[in-house]
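Single-letter residue listing:
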Amino acid sequence: LAHPAAGVEDEIEAGAITLLPAHLTPETLRAAFELVASLHFAGDQKSAAHTALAGFAALANADRWTIYLTSEVSGGEASSLEPLAVRGLTETERAIAETDWRRALLGEAIVMSGAESQAAREAATRIETVTRDEGVRRVLAVPMVNGVRLLGVLEVVREGEEAVAFLASEVELIGALVVPVASALAN
């Protein structure tokens, strides 16, 4: 017997595939499919987020990928962004002294609450994708929506004087793949 949610997962997966940009290379299409398929094996929200970031990193070059979840600040009016998972470090973050014992123990970057980019905050407020230059950083922020609920924001950062802007095709691909990732995080 099929699991009751199996039909919903199949619809979400099919929906994500139909949202993909039209002219993808076979390698990119394979990587996109692997990202979506790998989400089925995630046992909890944090592992789903880390799995998603690994899949995104295989699709586009960036210094840091972060998934922020929204959290209510007070009375259901305003929400803040809390980091759930991080992959990679920007050049500035690599220059931070190794005195951060938590980073050393965990073996990963730690992004503190409130460290999100202006683009990430704007994407959460406007509930639309934002690309912006913030100093020497190029930032792509994509809201993660499930149904009518904003779950969080995917923030992608390229840093440095020679950091290239995000191509429209990268923005479109990442935006399409955020749909099944948001669904996995909601489940």
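Computed from a prediction, not measured in an experiment: that's the story for all the values here. (Residues numbered from 1 in each chain as written. Predicted model: local features only at pLDDT ≥ 70, side-chain atom pairs only at ≥ 80, totals over all residues. Heavy atoms only, no water.)

K.L.:
Help me out: how do you make sense of the packing of helix α2 (residues 26–38) against helix α7 (residues 168–186) in this one?
P.N.:
How two helices sit against one another is set out by the angle between their axes and by the gap between those axes. Taken N-terminus to C-terminus, the directions of α2 and α7 make an angle of 20°; their axes are 10 Å apart at the nearest point. Classified by the interaxial angle, the pair formed by α2 and α7 is roughly parallel. Judged by the twist between their axes, the crossing of α2 over α7 is right-handed. Residues Thr 28, Ala 32, Leu 35 and Val 36 of α2 form the contact with α7, whose own contacting residues are Leu 173, Leu 177, Pro 180 and Val 181. (Axes fitted to C-alpha atoms, helices over the stretch in contact; angles between N-to-C directions. Helix = DSSP H or I, 4+ residues; strand = E, 2+ residues; numbered from the N terminus. Parallel < 35°, antiparallel > 145°, perpendicular 65-115°, else oblique. Left-handed = near helix turned anticlockwise from the far one by under 90°. Contact = heavy atoms within 4.5 Å.)

K.L.:
Got a minute to help me understand the pattern of salt bridges in this structure?
P.N.:
Should the charged atoms of two oppositely charged side chains come close, the side chains can pair. According to the stated counting rule, one finds eight salt bridges in the structure shown. The salt bridge partner of Arg 158 is Glu 170, with a shortest N-O separation of 2.7 Å. Residue Arg 158 is located in strand β5 (residues 149–159), and its partner Glu 170 is located in helix α7; the two are separated by twelve residues in the primary sequence. Ionic contacts of the salt-bridge type, sharing partners, join the residues Glu 122, Arg 126, Glu 128 and Arg 132 into one network. (Salt bridge = Lys/Arg side-chain N within 4 Å of Asp/Glu carboxyl O.)

K.L.:
Can you help me understand the packing of helix α3 (residues 45–59) against α7 in this one?
P.N.:
The N-to-C vectors of α3 and α7 enclose an angle of 165°; their axes lie 10 Å apart at closest approach. With respect to each other, α3 and α7 are oriented roughly antiparallel. The hand of the α3/α7 crossing is right-handed. In contact with Gln 45, Ala 48, Ala 49, Ala 52, Phe 56 and Leu 59 of α3, α7 contributes Leu 173, Ile 174, Leu 177, Val 178, Val 181 and Leu 185. Class assignment for the residues of the contact of α3 with α7 results in eleven nonpolar, one polar and no charged. (Nonpolar A, V, L, I, M, F, W, Y, C, P; charged D, E, K, R; others polar.)

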